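What follows is each chain in one-letter form.
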Amino acid sequence: PERASTDRGDMSGLSQQDHPEVVVATSGRSSCQTCGESIGKGENRVGMVGRSSGVSCMKWMHPQCFALNMRIEYAPTGRARCNADRDGALIGKGEPRLLMRMMKTSCGGEVVAKAQQIYKPANAAALLTRYLSVEGVSVTAATIGGLDELEAEHRQWAVDALEGRDISSREVPVGTPATKPRAAAARSGGEAEAGGSEAAALPKPAAKSAAKPEGKPAGKRAKKAAGAPKGVASAYTLWCKEERQAAEYAPLSFGEAGKALGAKWRSLSDEAKAPWVEASKRDRARHAREMEAFAPAPGSPSAEAAQPPTKKEEEEDDDDDDEDAPLSKRRRQGKASQTAAAPPPLPQKEEEEDDDDDDEDAPLSKRRRQGRASQPASPASSASPAASAAATYAEGDRVSSAPGRAMHGRQAKWFPARI
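Parameters at a glance
- Per chain, residues are indexed from 1 in the order of the written sequence.
- The predicted nature of this model means local features are confined to residues of pLDDT at least 70 and side-chain atom pairs, given and counted, to a pLDDT of 80 or more, with totals for whole chains, interfaces and linings taken over all residues.
- Note that the side-chain values use all heavy atoms of the structure and ignore hydrogens as well as water.
- Aromatic rings from Phe, Tyr and Trp, with only the six-membered ring used for Trp, were paired whenever their centres fell within 6.5 Å, and each pair was classed as stacked if the ring planes differed by under 30 degrees, edge-to-face if by over 60, and tilted otherwise.
- Under the DSSP-based scheme used, a helix requires at least four consecutive residues in state H or I and a strand at least two consecutive residues in state E, with every element numbered from the N terminus.
- Remark: exposure states derive from per-residue accessible area (1.4 Å probe, protein chains only) relative to the maximum for the residue type, with buried under 20%, exposed over 50%, and partly exposed in between.
- Pairing between strands is defined by DSSP: at least two bridges between them are needed.
- Comment: axis = line fitted to C-alpha atoms, over the contacting stretch for helices; angle = value between 0 and 180 degrees taken between N-to-C directions.
- The arc refers to the directions leading from the helix axis to the C-beta atoms.
- By definition in these notes, contact holds between two residues if any of their heavy atoms fall within 4.5 Å.

1. Some details on the packing of aromatic side chains
- Considering all chains together, one arrives at four aromatic pairs under this definition.
- Ring plane angle 85 degrees and centroid distance 5.2 Å describe the contact between Phe66 and Tyr131, whose orientation is recorded as edge-to-face. Of this pair, Phe66 sits in helix α1 (residues 63–69) while Tyr131 sits in helix α2 (residues 125–132); the two residues are 65 residues apart in sequence, bridging distant segments of the chain. The two residues Phe66 and Tyr131 agree in class, both being buried.
- With a centroid separation of 5.7 Å and 65 degrees between ring planes, the pair formed by Tyr236 and Trp265 is classed as edge-to-face.

Below is the structure:
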């Protein structure tokens, strides 16, 4: 095999979708991401685009380490695309796929996947031939990691696809994905990818506790009473129960089937949805009948909610409403309560003393005006309403009140009703 004769000196415009490159090291400063050993000047090395401090950069590996990091497996989902055909069809769930990975050794000696690219086996044949033909690589298409985990009838198909043979007339096999393939791939690496079982001995991360923290308030949603009638089903729910039984949804996951059902429901016409709408109305009528006949057990949340509130609860609820009222409304209520709770008329002597206190607290200009008004009135003005305002009134006379101020506070002022 020929040695690569060019190096990648331009690091601008890097993308994690770029295919791995085989180049010759121009210096002896780089080291392998997988084994950690240095790569000598003039030696072949494989570069993959990775991330470092938020910047895309080229990471290097020995060709042998890169080949050992490759793995073929069943696709755990149907959402990935082949990196060699980004506009092509998705890789179906359970179909064989090839992973080209950059494995890195952590400080604790654990090998984890830092970057990976996904390929369909047939689309990766040309790239794989280039990588495996580099000097010093002992891995072949028939010994790539993960082949021994495929089903026996699928292994030959995968080998033929990786070696570039024509498989267009053969059906793509579909197998059962391994449990948690991503976690297993992250813990395996190096010689373990060639068929070893060292990854199984690595400790698994501790599972997160499902218990809720203490002191967290419970939700406002009331618990459903035991034996309560079943809720109302919508037209879409009834349609999904019937449509989900079709064979086309069997190989799909729960989420994928939900997306497909939602898209198909939106495409239906109103005439096609009409039977399910009518079924939902009948189910709503059924729920209403059963709720009328349903009697919740004593002490259940439903029974407590059905009990009428006590007088004490109503008073507390009224107090809460008053506290929540706007400030302007509370001020108006305060004025009304002061007027309604006004004290009865004072006797003549006490009233005169109270007026004297008000006069002493009044400003100087007001007291001067009051002094002029207290001078003897002329006979012509003795019968005027202003003069009668100073008259006293006996118990039983009709009086009126109006808001006033005394001692810088609000207070009702009393005077005869005829004024």
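There's more to say after this.
2. A few points about the sheet that holds strand β4 (residues 71–74)
- Strand order in the open sheet formed by three strands is β4-β5-β6, with antiparallel pairing between adjacent strands. The strands lining the two open edges of the sheet, one partner per strand, are β4 and β6 (111–119). Each strand of the sheet is rotated relative to its neighbour by a mean of 40 degrees, with strand direction disregarded.

3. A word on α2
- Among the residues of α2, Ala125, Leu127, Leu128, Tyr131 and Leu132 are the ones counted as buried. For α2, the angular spread of the buried residues around the axis is 160 degrees, confining them to a single face.
- Where α2 is buried, its residues meet β1 (21–24), α1, β5 (96–105), β6 and α3 (152–162).

4. A look at unusual backbone geometry
- For Ser53, which is not glycine, the phi torsion reads 55 degrees and is therefore positive.
- Looking at where Ser53 falls in the secondary structure, it is placed in the loop between β2 (44–52) and β3 (55–61).
- Take Ser53: its relative accessible area is 79%, and that puts it in the exposed class.

5. Some words on the pairing of β6
- In the sheet, β5 pairs with β6 via eight bridges, with the strands oriented antiparallel. Considered in β6, the bridge of Leu99 is made with Ile118.

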